[in-house]
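Secondary and tertiary structure notes
Residues per chain are reported as follows:
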Amino acid sequence: MSDGEVETPVEAPAPAVGEPLDLMSALQMVLKKSMACHSLLRGLHEVARTIEKGEAQLVVLAQDCDNGDYVKLVEGLCKEKSISLLKVPKKEQLGEWCGLCKIDEEGNPTKIVKCSCAAIRDYGEETEGLAVLMEHLKSA
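About the criteria used
- Residues numbered from 1 in each chain as written.
- Predicted model: local features only at pLDDT ≥ 70, side-chain atom pairs only at ≥ 80, totals over all residues.
- Heavy atoms only, no water.
- Helix = DSSP H or I, 4+ residues; strand = E, 2+ residues; numbered from the N terminus.
- Core = buried A, V, L, I, M, F, W, Y, C linked by side-chain atoms within 4.5 Å.
- Buried < 20%, exposed > 50% of the residue type's maximum accessible area, 1.4 Å probe, protein only.
- Contact = heavy atoms within 4.5 Å.
- Polar contact = N/O pair within 3.5 Å; in protein donor to acceptor, adjacent residues only side chain to side chain.
- Pairing = 2+ DSSP bridges.
- Axes fitted to C-alpha atoms, helices over the stretch in contact; angles between N-to-C directions.

With that out of the way, let us pick up unusual backbone geometry. Of note, H38 is a non-glycine position whose phi angle comes to about 60°, a positive value. Tracing the backbone shows H38 in the loop between α1 (23-36) and β1 (40-42). Unusually for a residue other than glycine, S82 sits at a positive phi of about 55°.

The next thing to look at is the nonpolar core. Ranked by size, the top nonpolar core spans 20 residues in total, and within it L27, L31 and L58 carry the most contacts. If you list the elements that add at least two residues to this core, you get α1, β2 (58-62), β3 (84-88), α4 (91-97), β6 (117-120) and α5 (128-139). Setting aside anything within four residues of it in sequence, one finds L31 in contact with L40, V60, L94, W97 and I120. With 16 residues, the next largest nonpolar core counts A48, V59, Y70 and V71 among its residues.

Attention now goes to the environment of K87. Position of K87 among the secondary structure elements: in strand β3. Along the sequence, K87 and Q63 sit 24 residues apart, while their C-alpha atoms lie 6.0 Å from each other. When residues no more than four places from it in sequence are discounted, the contact partners of K87 are M24, L61, Q63 and E75. Within polar-contact distance, the side chain of K87 engages the side chain of E75 at 2.5 Å.

A sheet is described by the order of its strands in space; here 4 strands give the open sequence β1-β6-β2-β3, paired in mixed fashion. At either margin of the open sheet sits one strand with a lone partner, and together these are β1 and β3. With direction set aside, neighbouring strand axes in the sheet form an average angle of 20°. Here β2 pairs with β3 via 5 bridges, running parallel. Looking at the pairing, V59 lines up with L85 of β3. Along the sheet face, helix α2 (residues 44-53) touches β1, β2 and β6 and points at about 125° away from the line of β1. Contacting β2 and β3, α5 crosses the sheet at an angle of about 110° to β3.

Structure, rendered in structure tokens:
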């Protein structure tokens, strides 16, 4: 990193007061909170190890993952250990939500690193996004 660059987590645009959260913005909020308490794991090796230990509470997988074996492994481990699995449309989006990017002066993400899967070990503090996410997981 050069002297002027500061790596900061991606800020989610907050929904208007009273506006209900959709699933993806709720997931983004939960990922941000778990990243703040150092409980967000990214990448196949970290995610598989956490699932096998039984420490993962939620696994997020990108739908556009180009390796079929990768998807089968993560889905199989989640099913075996009864861990909730959510899918997001793009791995660039998941990488941005997991903090794998730089933020420029205007607050826009740049140099986004793709992330095909992530796991949450601890949700962090209770938020509205966590409540929406839990409600979705119960109904699924």
